[in-house]
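Secondary and tertiary structure notes
So you can see what is in the structure, the chains are spelled out below.
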Amino acid sequence: MSSSGYDPKLTPHVALLPSAGMGHLTPFIRLAVLLTTSNVRVTFITPYPTVSLSESQSLSHLFSTFPRITRKQLHLLPLEDPSAKSEDPFYYHFEVIRHSSHLLSPLLSSLSPPLSALITDMSLASTVIPITDALQLPNYIFFTSSAKMLTLFLSFHIMVDPRDRCETSEMKDFIKIAGLEPIPRSWIPPPLLQDTKNLLKSYFIENGKKMTESSGILVNTNETVDGESLEALSKGKVLRGLPPVHAIGPLPPFNLEQSQPLAWLDDQPPGSVLYVSFGSRTAISREQIRELGDGLVRSGKRFLWVVKDKKVDKEDSLELMDMMGQQLMERMKEKGFVVKNWLNQEEVLSHAAVGGFLSHSGWNSITEALWHGVPMLLWPQHGDQKINAELVERIGVGMWVKSWGWCGEAMVVKGEEIAETVGELLGNQFMRSRAAKVRNEVRMAVDEGGSSYKRLADLIESWKGLV
Ligand code: UDP
Ligand code: UDP
């Protein structure tokens, strides 16, 4: 028995270290909850400060709901060169956390009882693995996107040439990942294809390379959505000598917030409402916002729309009226409900009135929609989102109009086209029944005895007595 009364042979102690942005924090929170309710002692390390208000609020909810999770703050040091901040405040914050990683060493070794393992976000792999190696501490990387994206992340550093240029034969019109169908070049995040240095590209190259030295890779997915990639990864087709890849998802949503009940949704007929959201960090152009508003009205369908005008919530201060104009606001009132504040998406997607989700294809949004059986209209905006969208389309739970632009391309999709597509989604009975079937499948995977459940249980077992 340790001095705390825990027997490390029965109760492993695991620390979790997430990275910046809700898309990275949310799955770590879900994992922490799952572990703490599975008799694992959890220390949650929070890089401080966070970029967004929603991150700090989610963390407060976590620690007040689960006082037995130990909170440790990693006080971040300022970066000397803040010029890269303009590229993307979240990617920049990955760099800030990486730059402060050395502070982890004393923090980790001071924890009592000693740790069985550290679970780190993929964006921190290359700076954290040397630290855990020095402490002889097993290090697991939690990859917070799809397994398909993981195959690109792990292979990218091999595809680029020695000067990190993207002109190799593996990267012409299609990106060739060993053991998998080639991916169209147009689905790859554009910063990765630039010849110049940028944060996203160096983050892929450095972390993708180093991740192969971790003790294991956790992914928030399962065979229903990501079967092809998981098989290729586990059979060593993507890369030889990979550590084990554990598909443990989709991690069940965990309702931490006590948000106000959406009275408006309660008044709508079952399956009638399109929920529209582009996630926590994607701002759409003003012109596109107005066309989208026009399209939603023209569709004649009911809709609930969470609008974002800035990537970082703290900076999002403009009034809805100023963004939309009075005329559009009036037209939208008839069948729509538009907000600018954070809504608890889990609550929205679980509501019986919601019959479709217009989503930017962020991986968490997708796993949540699958969990609740909501068909999707996928409109990828950047990063991993085209690769994610295709997975959903392939299993028959989403529509993706590939001609709609992304990454700030100078194009605006017109209201008429949006209206028509929204009508198609909400009228698609086949997709609705597919979504219900997939919902059952993904829930079975994480229920006791399911594939994801078993993998997490095996991992927990392997951590026992590791200290
Ligand atoms: N989210 C939410 N309310 C909002 C916007 C986002 O609850 O108004 C949550 C959403 O449920 C998801 C996360 O924030 O869990 C966003 O992650 P995702 O991977 O979908 O996209 P990202 O925001 O990283 O682009
Ligand atoms: N964008 C965004 N949130 C993000 C990333 C991108 O809103 O987290 C939008 C933003 O409008 C940005 C555009 O997408 O200008 C392109 O971003 P990306 O990082 O893909 O860079 P690019 O391909 O233009 O270099």
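Bear in mind that the values here come from a model prediction, so they are computed numbers and not experimental data.

1. Focus: the sheet that holds strand E5 (residues 139-143)
Spatially, E3-E2-E1-E4-E5-E8-E9 is the arrangement adopted by the seven strands of the open sheet, whose pairing is parallel. Each edge of the open sheet carries a strand with a single partner, namely strand E3 (70-75) and strand E9 (245-247). Here the average twist between neighbouring strands, direction ignored, is 25°. Docked against the sheet, helix H5 (residues 125-134) engages strand E1 (13-17), strand E4 (117-121) and E5, running at close to 160° with respect to E5.

2. Remarks on the site of ligand 2
Around ligand 2 lies a shell formed by Asp88, Pro190, Pro191, Gln194, Arg281, Thr282, Ala283, Lys311, His382, Cys407 and Gly408. At 2.7 Å from an oxygen atom of ligand 2 is found a side-chain nitrogen or oxygen belonging to Arg281. Contact between ligand 2 and His382: a nitrogen atom at 3.3 Å from a side-chain N or O atom of the residue. Expressed as a share of its isolated accessible area of 510 Å², the protein-covered part of ligand 2 is 71%. Broken down by class, the residue content of the shell around ligand 2 amounts to four nonpolar, four polar and three charged.

3. A closer look at the site of ligand 1
As a matter of local geometry, ligand 1 sits amid 15 residues, with Ser280, Leu343, His360, Ser365 and Glu368 nearest to it. Here His360 contributes a side-chain N or O atom positioned 2.8 Å from an oxygen atom of ligand 1. A distance of 2.9 Å separates an oxygen atom of ligand 1 from a polar side-chain atom of Asn364. For ligand 1, whose unbound accessible area comes to 530 Å², protein coverage reaches 93%. Elements represented by at least two residues in the shell around ligand 1 include exactly helix H1 (22-36) and helix H15 (363-372). Among the elements that line the shell around ligand 1, the one with the most residues is H15, at four residues.

Rules of the game
Residues numbered from 1 in each chain as written. Chains lettered and ligands numbered in written order. Predicted model: local features only at pLDDT ≥ 70, side-chain atom pairs only at ≥ 80, totals over all residues. Heavy atoms only, no water. Pairing = 2+ DSSP bridges. Helix = DSSP H or I, 4+ residues; strand = E, 2+ residues; numbered from the N terminus. Axes fitted to C-alpha atoms, helices over the stretch in contact; angles between N-to-C directions. Contact = heavy atoms within 4.5 Å. Near = heavy atom within 4 Å. Polar contact = N/O pair within 3.5 Å; in protein donor to acceptor, adjacent residues only side chain to side chain. Areas by Shrake-Rupley, 256 points an atom, 1.4 Å probe, with all protein chains shown as cover. Nonpolar A, V, L, I, M, F, W, Y, C, P; charged D, E, K, R; others polar.

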